[in-house]
Amino acid sequence: MPDVQPEPSARQVELLEAAYAYALANGLADLSLRPLATAIGSSPRVLMFLWGSKDGLIRALLRRARADELALLTRLDPADGAAPPDLAGAVELVWSWLAAAEHRPLLRLWAEAYARSLVEPDGPWAGFARTTVDDWLTVLAARQPASERDAPDGAARRTLALAVLRGALLDLLATDDEPRVTGAVALQLSLLRAPR
């Protein structure tokens with residue numbers, strides 16, 4: 001019989017959302033259950049009961065952050081018929097979302113989780129970086145016309161697009177110099193749109 005997870009209680013959902021807001025503001029690197037519990041109106045004992053361990057809570061917070069990421073990716077899905085497949089157009093849409101100042105807390109959390117999953121591959125971060133790369137490459141592939149997606153360099157073009165987005169995001173988070181970084185992304189877009 002498959003292992004079915006019970007639906008979370010309203011209180012568990014409420015605490016997860018509060019913990020997620022806390023993580024967006026404070027990060028996960030030095031997360032301590034006592035200050036977190038105080039900040040969200042709970043206790044370490046309740047958090048341990050609901051998530052089993054600090055690692056279990058971190059995994060739940062990373063799933064919650066991934067849900068926000070996947071919501072963005074869903075908006076880029078060409079299956080809605082809103083726009084024809086276009087890799088450069090997808091990069092442009094993604095960058096406009098990434099560059100928006102109101103998304104910086106989520107993106108800092110994403111960068112932290114991505115880096116931690118590279119150096120702590122067996123911890124609660126396990127697989128986060130690989131999963132996020134796969135998520136983004138899948139969406140970018142869906143935005144490529146079939147003739148480009150299936151061409152010998154199709155995977156390389158979407159990998160380059162993702163590398164530019166990821167590098168530009170890290171640079172933006174480090175410097176907050178949105179005009180300069182957006183200019184670099186715009187240059188990449190012109191190269192993507194150039195005839196092959």
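Everything numeric here is computed off the predicted structure, so don't read it as measured data. (Residues numbered from 1 in each chain as written. Predicted model: local features only at pLDDT ≥ 70, side-chain atom pairs only at ≥ 80, totals over all residues. Heavy atoms only, no water.)

Chemist: Provide a residue-level description of the packing of helix α3 (residues 44–51) against helix α4 (residues 54–75), including the pertinent values.
Modeler: Closest axis-to-axis distance for the α3/α4 pair is 8 Å, and the angle between their directions is 70°. Overall, the two elements α3 and α4 adopt an arrangement that is roughly perpendicular. By crossing handedness, the relation of α3 to α4 is classed as left-handed. Between α3, through L47, M48 and W51, and α4, the contact on the second element is made entirely by K54, G56, L57 and A60. Residues that form the contact of α3 with α4 fall into these classes: 5 nonpolar, 1 polar and 1 charged. (Axes fitted to C-alpha atoms, helices over the stretch in contact; angles between N-to-C directions. Helix = DSSP H or I, 4+ residues; strand = E, 2+ residues; numbered from the N terminus. Parallel < 35°, antiparallel > 145°, perpendicular 65-115°, else oblique. Left-handed = near helix turned anticlockwise from the far one by under 90°. Contact = heavy atoms within 4.5 Å. Nonpolar A, V, L, I, M, F, W, Y, C, P; charged D, E, K, R; others polar.)

Chemist: Let's hear about the side chain of D135: which residues, and what values?
Modeler: Mapped onto the fold, D135 is located in helix α7 (residues 128–143). Beyond its immediate sequence surroundings of up to four residues, D135 is in contact with R66, E69, L70 and L73.

Chemist: So what's going on with the packing of aromatic side chains? Residues and values would help.
Modeler: Overall, the coordinates contain 1 aromatic pair when judged by the stated rule. Residues W110 and Y114 carry aromatic rings whose centres are separated by 5.0 Å and whose planes lie at 35° to one another, so their mutual orientation is tilted. In this pair, W110 and Y114 both sit in helix α6 (residues 104–119), 4 residues apart, roughly one turn of the helix. Like Y114, W110 is buried. (Phe/Tyr/Trp six-rings, centres within 6.5 Å; stacked < 30°, edge-to-face > 60°. Buried < 20%, exposed > 50% of the residue type's maximum accessible area, 1.4 Å probe, protein only.)

Chemist: Give a detailed account of the layout of surface pockets, specifying residues and quantitative values.
Modeler: Over the atoms, a rolled probe matching the size of one water molecule traces out where space is still vacant. Computed from the structure, the largest pocket encloses a volume of approximately 330 Å³. As for the largest pocket, its lining consists of 12 residues, and the residues nearest its centre are P6, P8, Q12, W51 and R63. Broken down by secondary-structure element, the contributors of at least two residues to the lining of the largest pocket are α1 (10–26) and α4. In terms of residues, the lining of the largest pocket owes the most to one element, α4, which gives 4 residues. Among the residues making up the lining of the largest pocket, the classes are represented as 7 nonpolar, 2 polar and 3 charged. The volume enclosed by the second largest pocket comes to roughly 170 Å³. Lining the second largest pocket are R59, L62, R63, R66, G123, P124, W125, A126, G127, F128, T131 and T132. (1 Å grid on protein atoms, 1.4 Å probe; cavity = no way out; pocket = protein on both sides within 12 Å on 5 of 7 lines; lining within 4 Å. Points joined across faces, edges and corners; volume = space filled by probe spheres on them.)

Chemist: Give me the lowdown on the nonpolar core, citing residues and values where you can.
Modeler: L28, L36, L47, L61, W95 and L98 are the most contacted members of the largest nonpolar core, which totals 55 residues. Discounting chain neighbours no more than four positions away, the residues touching W95 are L165, A168, L169, L172, V181, T182 and V185. (Core = buried A, V, L, I, M, F, W, Y, C linked by side-chain atoms within 4.5 Å.)

Chemist: Mind laying out empty space enclosed by the protein, listing which residues take part and the relevant values?
Modeler: Counting across every chain of the model gives 1 cavity of 30 Å³ or more. Around the largest cavity, the lining comprises 15 residues; the ones closest to its centre are E69, L98, W110, W136 and L169. Counting residues per element, the ones that place at least two in the lining of the largest cavity are α4, α5 (87–99), α6, α7 and α9 (154–175). Take the lining of the largest cavity: its biggest share by element is 4 residues, from α9.

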